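If you want the building blocks of each chain, they are given just below.
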Amino acid sequence: MLRDSQVLALADGGTAGFAEYGDPGGRPVVALHGAPACRLMFAAADAAAKSHGLRILAPDRPGYGLTPSNVGASLAERTLWLKKVVDALDLERFALLGISGGSPFAVALAESLNDRVTALALVSPMGPVADYAESAEGKLEPVSFLHDRFFMHMPYQSWLTHPLGDLSAWMFRHGPEMFTSLLPRIATSVDSRILSKPEVAQTMRTMTLEAFRQGGSGGTADLEIFGRPWGVNFTNVTAPAVVWQGTDDHVVPPQAARWLAGQLPNCTLHSLDGAGHFWVFEHVEDIIQTLEALMSQNGSRTAHVS
């Protein structure tokens, strides 16, 4: 069986697609992909995870890749689903890695399974925009107009988002090279340079094609979750945590990501001056190395900025 195209049987009779990278006998890391993306996002971490003795287990969320669609779910319902996934994988203790849109699910699972989570790492995270908007910080430094419209208003227009999601998926499947070549042209300069690299373009193309295997329902479901309050008690996320957030990230609201880091009681925030959203593609080794160290440390109880 291919390690990157496995199907897991869940206790409730459902199934979940997942990939496995790194050291098969290593310490487990549950890796949650962005949006729209899929389990194949973490292929780039295979060599680094192997060299650091980590076993990466990356499930497809519902509607992506090999996992059946389930539209209209809340973050709490997705968290219950993820619990079934980690139980089916027979993981007693594990670390969590969330990339971009995978971060809300990583944080919610870290709160829910508290004692079982050894570390939490978030890269360019999609922060709790609705919670942030109601905070004192959010009123002083609101997210941009475009982020506000896209994440907090558009998700409620399901008459528009559902057909647009399916149309986007159909168009990408029928012209992946065109869309992959278009991405660097519409990205900021720092992200454009990274997305123009042939190996990154190939990863994006392969990952997105698989993400849209069933259409656009995975991305639509995620977008509806992103715009709602998380309902997470951040003080219950006691595992040592780290957040990497670029100051020139125009894909997710960086203010909400920085605020999220401040809410986690045992978190270090790395504010990356001039970095964009796709910084991760050039720093996989750094992330894996930091995560390995984080899994073994106690950490402090306060957030720090570097």
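As a reminder, the structure under discussion sits directly above these lines.
Calculation notes
- Residues numbered from 1 in each chain as written.
- Predicted model: local features only at pLDDT ≥ 70, side-chain atom pairs only at ≥ 80, totals over all residues.
- Heavy atoms only, no water.
- Axes fitted to C-alpha atoms, helices over the stretch in contact; angles between N-to-C directions.
- Helix = DSSP H or I, 4+ residues; strand = E, 2+ residues; numbered from the N terminus.
- Left-handed = near helix turned anticlockwise from the far one by under 90°.
- Contact = heavy atoms within 4.5 Å.
- Nonpolar A, V, L, I, M, F, W, Y, C, P; charged D, E, K, R; others polar.
- Buried < 20%, exposed > 50% of the residue type's maximum accessible area, 1.4 Å probe, protein only.
- Pairing = 2+ DSSP bridges.
- Salt bridge = Lys/Arg side-chain N within 4 Å of Asp/Glu carboxyl O.
- Phe/Tyr/Trp six-rings, centres within 6.5 Å; stacked < 30°, edge-to-face > 60°.

K.L.:
Describe the packing of helix H7 (residues 158–174) against helix H11 (residues 217–226), listing the residues and the values that go with them.
P.N.:
At a minimum axis distance of 8 Å, the contact between H7 and H11 shows a crossing angle of 145°. The way H7 lies across H11 gives a crossing that is right-handed. Along the contact surface, H7 presents Ser158, Thr161, His162, Gly165 and Asp166, while H11 presents Ser217, Thr220, Leu223 and Glu224. Its residues placed into classes, the contact of H7 with H11 shows one nonpolar, six polar and two charged.

K.L.:
For the environment of Glu141, give the residues involved together with the corresponding values.
P.N.:
Within the secondary structure layout, Glu141 lies in the loop between helix H5 (136–140) and helix H6 (145–153). Residue Glu141 is classed as partly exposed on the basis of its relative accessible area, which comes to 40%. It is 7.5 Å that separates the C-alpha atoms of Glu141 and Gln255, two residues lying 114 residues apart in sequence. The contacts of Glu141, once residues within four sequence positions are left out, are Tyr132, Gln255 and Arg258.

K.L.:
Quick rundown of the pairing of strand E7 (residues 241–246)? Include the residues and the values.
P.N.:
Counting buried positions along E7 gives six out of six residues, so the element sits mostly inside the fold. Residues Ala241, Val243 and Gln245 point to one face of E7 and Val242, Trp244 and Gly246 to the other, with burial holding for every one of them. Where strand E6 (residues 117–123) meets E7, four bridges bridge the pair, whose relative direction is parallel. Within E7, the position partnered with Val123 by the bridge is Trp244.

K.L.:
Kindly report on the pattern of salt bridges, identifying the contributing residues and their values.
P.N.:
What the rule picks out here adds up to 13 salt bridges. Taking the shortest distance from any N to any O, the salt bridge between Arg258 and Glu141 comes out at 3.5 Å. With Arg258 in helix H12 (residues 254–263) and Glu141 in the loop between H5 and H6, the pair connects residues that are 117 residues apart, well separated along the chain. Two residues, Arg149 and Asp148, come together in a salt bridge whose shortest N-O distance is 3.0 Å. A residue is classified by how much of its surface remains accessible, and Arg149, at 37% relative accessible area, is partly exposed.

K.L.:
Tell me what's going on with the packing of aromatic side chains, and back it up with residues and numbers.
P.N.:
As enumerated under the stated definition, the model contains nine aromatic pairs in all. Centre to centre, the rings of Phe150 and Phe151 are 5.0 Å apart; their planes meet at 85°, and the pair counts as edge-to-face. Classification of Phe151 by relative accessible area gives buried; the value is 6%. Aromatic pair Trp230 and Phe234: ring centres 6.1 Å apart, planes at 55°, arrangement tilted. The two residues Trp230 and Phe234 agree in class, both being buried. Through a chain of ring-to-ring contacts, the aromatic side chains of Tyr132, Trp230, Phe234 and Trp259 assemble into a single cluster.

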